[in-house]
Amino acid sequence: MKKDLPKVFKNPIEKEIRNNEDYFYGTLKEPKEQSNYEITEEINSIFARKDFVYKKKVRIITDAGIKEIVLVGKNNNNLLTLDNKQIPIASIKKIELL
């Protein structure tokens, strides 16, 4: 039966094969900081949403850290929270809906 099979050309391998030893190392990237103009537009879009009646839960990244707050209003320079705190808009690096 072996005589019936055709001969197969086998190319010689001249280098070392280490395909199970290669790894990919990546890093976690920090969220990109938004400009003050983009933050103001994002805040305005949150308040302009049809589902915003009185309050909305958001995550805010500021100079002090990451906070999850319930947003109820804003004035010229600050965001107003449900627990009666004010967060300066100038200190906000990123804002996102939850």
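Calculation notes
Residues numbered from 1 in each chain as written. Predicted model: local features only at pLDDT ≥ 70, side-chain atom pairs only at ≥ 80, totals over all residues. Heavy atoms only, no water. Helix = DSSP H or I, 4+ residues; strand = E, 2+ residues; numbered from the N terminus. Buried < 20%, exposed > 50% of the residue type's maximum accessible area, 1.4 Å probe, protein only. Contact = heavy atoms within 4.5 Å. Areas by Shrake-Rupley, 256 points an atom, 1.4 Å probe, with all protein chains shown as cover. Pairing = 2+ DSSP bridges. Core = buried A, V, L, I, M, F, W, Y, C linked by side-chain atoms within 4.5 Å. Phe/Tyr/Trp six-rings, centres within 6.5 Å; stacked < 30°, edge-to-face > 60°.

**Here's the deal with the overall build of the protein chain**
Argument step 1. On a plain count of helices and strands, the protein chain comes out with one helix and five strands.
Argument step 2. Going residue by residue from the N terminus, the α and β elements of the protein chain occur as α-β-β-β-β-β.
Argument step 3. Scored against the burial criterion, the 98 residues of the protein chain give a buried share of 20%.
Argument step 4. Of the contacts formed within the protein chain by residues at least 6 apart in sequence, a portion of 49% connects residues at least 24 apart.
Argument step 5. Split by element, the accessible area of the protein chain, about 8,900 Å² in all, is 51% carbon and sulfur.

**Remarks on the pairing of strand 2 (residues 66–74)**
Argument step 1. In this structure, strand 1 (residues 56–62) lies alongside strand 2, joined through six bridges in antiparallel fashion. Note that in strand 2 the partner of Lys57 across the bridge is Val70.
Argument step 2. The pairing of strand 2 with strand 3 (residues 78–81) spans three bridges and is classified as antiparallel. Opposite Lys74, over in strand 3, you have Leu79 as the bridge partner.

**Considerations on the pairing of strand 1**
Argument step 1. Within strand 1, five of the seven residues are buried, which leaves the element mostly enclosed by the surrounding structure.
Argument step 2. Two successive antiparallel strands, strand 1 and strand 2, enclose a turn made up of three residues, where Gly65 displays a positive phi of approximately 145°.
Argument step 3. Bridge count for strand 1 against strand 5 (residues 92–97) is five bridges, and the pairing is antiparallel. Paired with Ile60 across the bridge in strand 5 is Ile95.

**Digging into the side chain of Thr81**
Argument step 1. Along the polypeptide, Thr81 turns up in strand 3.
Argument step 2. Here Thr81 falls in the buried class, since its relative accessible area comes to 5%.
Argument step 3. Thr81 has contacts with Ile69, Val70, Val72 and Ile87, leaving out every residue within four places of it along the chain.

**Observations concerning the nonpolar core**
Argument step 1. Formed by Ile39, Ile43, Ile46, Val58, Ile60, Ile69, Leu71, Leu79, Ile87, Ile89, Ile92 and Ile95, the largest nonpolar core amounts to 12 residues.
Argument step 2. Broken down by secondary-structure element, the contributors of at least two residues to this core are helix 1 (36–48), strand 1, strand 2 and strand 5.
Argument step 3. When residues in this core are grouped by element, the largest group, three residues, is from helix 1.
Argument step 4. Among residues more than four places away in sequence, those in contact with Leu79 are Ile43, Phe47, Ile60, Leu71, Gly73, Lys74, Lys85, Gln86, Ile87, Ile89, Ile92 and Ile95.

**A word on the packing of aromatic side chains**
Argument step 1. One pass over the structure, following the stated rule, counts one aromatic pair.
Argument step 2. Their ring planes at 80° and their centres at 4.9 Å tell us that Phe47 and Phe52 sit as a pair that is edge-to-face.

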